[in-house]
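# Geometric and topological summary
Each chain, letter by letter, is given below.
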Amino acid sequence: MKKYILTGLLVWLPLVITIWVLKSVIGTLDDVFAWFMVVARTVLPVSIHPVLADLQRVPGLSVIILVTALWLTGVAVTNMVGQWLLNRSNWVFSNIPIVKSIYNSVKQVSDTLFSSSGQAFREAVLVQYPRNGAWTIAFVTGKPDGEVAQKLPPDMVTVYVPTTPNPTSGFMLIVPRAEVHPLHMSVDEALKYIISMGVVSPPAAPNTHS
């Protein structure tokens, strides 16, 4: 009986957690959308209020609006006018006390992680951590630069060592390139391996000598 219960748990647990995460995300978006509706009722004529009330009752409309807004924003910033407005807004936020430290930090991280020209999380590697002889999976995030690079020997790389089972927290290490062992597995496969605490193993690398 215990065996069957555990088997059933393994079948339903991923589905339940997926539904719970999606429900939480959609609920947050709905709360933000409801706040915008309150603002719209405040500034728009009373004659439009029934239309706003009908829109607020449409399920999933907040997700559609968010995706559409992101798409329109992406289209807008690809032309000269959009780029100029984006640069002006970045300049404004970068000169507001307190706000600029948070905004610049988040922007730098997001540009590094999501830029199509960036190299963050593009390569899964093996490194020895937290001691020699103990190995863990890490992700190459780039090379040291500026003052840090001046203080270190050449041919060093920056790696991110995620924690298990939550890879959003971890440690940043600067190690010699010679001590980093590249892996054939993709970043997605490496993340699955980390989140599953080593239970979900990626397939073996192809034999390059054959």
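Data block above holds the structure.
The text that follows walks through the structure, step by step, so that each part is easy to find. A quick note: this is a predicted structure, and the numbers were derived from the prediction, not measured. Every chain's residues receive numbers from 1 upward, in the order its sequence appears when written. Only residues with pLDDT of at least 70 are given local features in this predicted model, and only at 80 or more are side-chain atom pairs given and counted; all residues enter the totals for whole chains, interfaces and linings. Values shown for side chains rest on all heavy atoms present in the structure; no hydrogens or waters enter the calculation.

### A look at the overall build of the protein
Runs of E in the DSSP output that reach at least two residues are strands. Runs of H or I that reach at least four are helices, and both are numbered from the N terminus. In terms of helices and strands, the protein carries seven helices and five strands. Going from N to C terminus, the protein has its helices and strands arranged as α-α-α-α-α-β-β-α-β-β-β-α. For a compact globule the rule gives 2.2 Å times the number of residues to the power 0.38, and the radius of gyration it is set against comes from C-alpha atoms. For a compact globule of 210 residues, the expected C-alpha radius of gyration is about 17 Å, and the protein comes in at 24 Å, more than 25% above that figure. A total of 210 residues make up the protein; the buried ones form 18% of that total. Here, two residues are considered to be in contact whenever any of their heavy atoms come within 4.5 Å of each other. In the protein, the share of contacts with a sequence separation of at least 24, taken over all contacts with a separation of at least 6, comes to 34%. Per-residue and other accessible areas follow the Shrake-Rupley method at a 1.4 Å probe size, with only the shown protein chains counted as cover for residues. For the protein, the computed accessible surface area is about 15900 Å², with 69% contributed by carbon and sulfur atoms. Positive charges are assigned to Lys and Arg, negative charges to Asp and Glu, while His and the chain termini are left out of the count. Note that the charge is assigned to NZ on lysines, CZ on arginines, CG on aspartates and CD on glutamates. For the protein, the distance from the average position of its 14 positive side-chain charges to the average position of its 11 negative side-chain charges is 5 Å. Each residue is placed in one exposure class: buried if its accessible area under a 1.4 Å probe, protein chains only, is under 20% of its type's maximum, exposed if it is over 50%, and partly exposed if it falls in between.

### Brief notes about the side chain of asparagine 90
Within the secondary structure, asparagine 90 is located in helix H4 (residues 80-93). Sequence-distant contacts of asparagine 90, that is, excluding residues within four places in its chain, are made with Tyr103 and Lys107.

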